[in-house]
Amino acid sequence: VEAGHSDPSLRVALALASALGVTVEELFGPMMPAPVVGARPVAPLGGTGARVSLAPVGESFVALPMLADAATRTGFRPAGGVVAMPAAAAPATPVRPLGPPRPTLVVAGCDPALPLLETPLAQLDPPVAFTWWPCGSAEALRLAAAGLVHAAGAHLLGRSGEYNTGPAEERLARTGAEVIGFAAWREGLVLRPDLAGQVRGVRDLAEQGLRVVNREEGAEARHVLDRELAAAGLQPAALRGYGTRAGGHLQVAAATAGGLADAGVASEPAALAYGLAFVPLTAERFDLVIPASQAGSREVDALRKVLTSPWLLTQLGTLPGYDPARCGEHVASL
């Protein structure tokens, strides 16, 4: 009851109050404000009263600002706390929890299928909550190296031609990490439906003066676009809209479907979800990188359990363009 996982019936409430010698109002009345805790911000949190997701990671708390895509899921999401006062120079920001903090798996990465983890995590006994911080692969690995997330989702091509293991080892060299498979997909050009058959690559985009929507620096989709430009002997300035920045695969697809751009680089599942034309450029593997410092945590233990759950594998398998064959598989120890 105190953890917020159960609400007592009237009979139970009366019995508890009687056993403790207090009134029901005293026992279950409005709670006193929770004490302020120090939380390390994943990104700038905003001013006093700003809503955040609050989760224990290791020996401290982390706070994730609830802005833009991190604040909504076709509707506002519940906050775990609010900023208690403007952040000072200290590494921790004062945050007032809105309820008892509970075990919460924090994952950073750009795969829009990551929120599917929330349902099987909630079905565990005891349950584990879930928070997703959407960002590019390089940023996700940086957060993992800083101890701000339990796991980082990545699909970065390394110098050896292998996905994720090399880039993860470079960024988490001091701590070590484990790499676990999640999904695979094709990455390529997402196009307005009427452009199907008219665009075969980035050269066609440049020659036809089509406008693209790009991803942020550090995102593998942006790396794919840069590699295609280099192979075609083109400079970034040859593409209209190269300087734009969308926050994820679905955002690229949404901007294209909404007429804000003619094309972009995103995953095939994103293109299929919005009914867009697709030109494959490469096949990618999306893995979860778990820092060694988090490997024995309750949250990561819960993650290992649900990655091979029939419910999750079935859901991933129903998403057009996803290949979950290696979901939960140990890829490497770094």
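The structure contained in this document is the topic of the report that follows.

Definitions and cut-offs
Along every chain, residues carry numbers that run from 1 in the direction the sequence is written. Predicted model: local features are reported for residues with pLDDT of at least 70 only, side-chain atom pairs are reported and counted for 80 or more only, and whole-chain, interface and lining totals are derived from all residues. Side-chain metrics rest on all non-hydrogen atoms present in the structure, leaving aside hydrogens and water. Numbering of helices and strands runs from the N terminus, with a helix taken as a DSSP run of H or I at least four residues long and a strand as a DSSP run of E at least two residues long. Burial here depends on accessible area, computed with a 1.4 Å probe over protein chains only, as a share of the maximum for the residue type. Under 20% is buried, over 50% is exposed, and the range in between is partly exposed. By definition, residues are in contact when any of their heavy atoms lie within 4.5 Å. Accessible surface area values rest on a Shrake-Rupley calculation with a 1.4 Å probe, where residue burial reflects the displayed protein chains alone. Here the positive residues are Lys and Arg and the negative ones are Asp and Glu; neither His nor the chain ends is included. The atoms used to mark charge sites are NZ of Lys, CZ of Arg, CG of Asp and CD of Glu. The criterion for strand pairing is that DSSP finds at least two bridges linking the strands in question. Every angle, taken between N-to-C directions, lies between 0 and 180 degrees, and every axis is a line fitted to C-alpha atoms, over only the stretch in contact when it is a helix. Stacked, tilted and edge-to-face are the three classes applied to pairs of Phe, Tyr and Trp rings, where Trp contributes its six-membered ring and a pair requires centres within 6.5 Å; stacked means planes under 30 degrees apart, edge-to-face means over 60, and tilted covers the rest. What counts as a salt bridge is simple: a side-chain nitrogen of Lys or Arg found within 4 Å of a carboxyl oxygen of Asp or Glu. The term nonpolar core refers to a set of buried residues drawn from Ala, Val, Leu, Ile, Met, Phe, Trp, Tyr and Cys, joined through side-chain atoms within 4.5 Å.

Across its full length, the protein holds eleven helices and 13 strands. Expressed as lengths along the three principal axes of its C-alpha atoms, the size of the protein is roughly 80 × 40 × 40 Å. The 334 residues of the protein split such that 47% are buried. In the protein, the proportion of contacts linking residues at least 24 apart, taken out of those at least 6 apart, comes to 70%. Surface summary for the protein: the accessible area is close to 15600 Å², and the carbon and sulfur share equals 56%. Here the protein carries 26 positive and 31 negative side-chain charges, and the mean point of each set is 3 Å from the other.

Strand order in the closed barrel formed by five strands is S1-S3-S2-S4-S5, with mixed pairing between adjacent strands. Here the average twist between neighbouring strands, direction ignored, is 50°. Here strand S2 (residues 51-57) pairs with strand S3 (residues 60-65) via six bridges, running antiparallel. Looking at S3, one finds that Pro56 is bridged to Phe61.

On to unusual backbone geometry, then. A cis geometry characterises the amide bond from Asp125 onward to Pro126, with omega recorded as 0°. Its location among the elements puts Pro126 in the loop between helix H3 (118-122) and strand S7 (129-134). Here the phi dihedral of Asn164 falls at roughly 75°; this positive angle occurs in a residue that is not glycine. Among the structural elements, Asn164 can be located in the loop between strand S8 (151-154) and helix H5 (165-171). Among the residues examined, Asn164 registers a relative accessible area of 1% and is labelled buried.

The next thing to look at is the environment of Gly47. Looking at the secondary structure, you find Gly47 in the loop between strand S1 (37-41) and S2. For Gly47 and Leu276, which are 229 residues apart along the polypeptide, the C-alpha to C-alpha distance reads 39 Å.

The subject of this paragraph is the packing of aromatic side chains. This model, assessed by the stated rule, comprises three aromatic pairs. Taking 6.0 Å as the distance between ring centres and 70° as the angle between the ring planes, the aromatic pair formed by Phe182 and Phe286 counts as edge-to-face. Residue Phe182 is located in strand S9 (residues 177-191), and its partner Phe286 is located in strand S12 (residues 277-291); the two are separated by 104 residues in the primary sequence. Among the residues examined, Phe182 registers a relative accessible area of 1% and is labelled buried. Members of the aromatic cluster, joined through ring pairs, are Phe182, Trp185, Phe286 and Tyr322.

Checked against the element boundaries, Leu54 lands in strand S2. Considered as a pair, Leu54 and Thr104 are 50 residues apart in the sequence and their alpha carbons are 8.4 Å apart. If near-sequence neighbours (up to four positions away) are discounted, Leu54 is found in contact with Val37, Ala39, Phe61, Val62, Ala63, Gly80, Val95, Pro97 and Thr104.

Let us look at the pairing of S9. Within S9, 13 of the 15 residues are buried, which leaves it mostly tucked inside the rest of the structure. With 14 bridges connecting them, S9 and S12 associate as antiparallel partners. Residue pairing across strands places Ile180 opposite Leu288, the latter belonging to S12. Bridging between S9 and strand S13 (residues 330-333) involves three bridges; their strand directions are antiparallel. When the bridges of S13 are listed, Glu178 appears paired with Ser333.

Next up on the list: the pattern of salt bridges. The final tally for this structure, using the stated rule, is eleven salt bridges. Taking the shortest distance from any N to any O, the salt bridge between Arg142 and Glu139 comes out at 2.9 Å. Of the two residues, Arg142 and Glu139 are both situated in helix H4 (residues 137-145); the distance of three residues between them amounts to about one turn of the helix. Residue classification places Arg142 among the partly exposed residues on the basis of a relative accessible area of 40%. The closest approach of N and O atoms between Glu220 and Arg227, which form a salt bridge, is 2.9 Å. Residue classification places Glu220 among the buried positions, given a relative accessible area of 1%. Using a relative accessible area of 35% as the deciding quantity, one classes Arg227 as partly exposed.

Bringing the nonpolar core into the picture now. Core analysis: the largest hydrophobic core is formed by 28 residues, its most contacted members being Leu114, Leu117, Phe182 and Leu307. Mapped onto this core, the elements with two or more residues apiece are strand S6 (104-109), S7, S9, S12, helix H10 (298-307) and helix H11 (310-318). Broken down by element, the residue count for this core peaks at five residues, all from H10. In this view, Leu307 contacts Leu117, Ile180, Phe182, Leu288, Leu312, Leu313, Cys327 and Gly328; residues no more than four positions away in its chain are not counted. In this structure, Ala55, Ala108, Trp133 and Leu141 belong to the second largest nonpolar core, which totals 25 residues.

No statement about biological role is implied by the geometric values presented.
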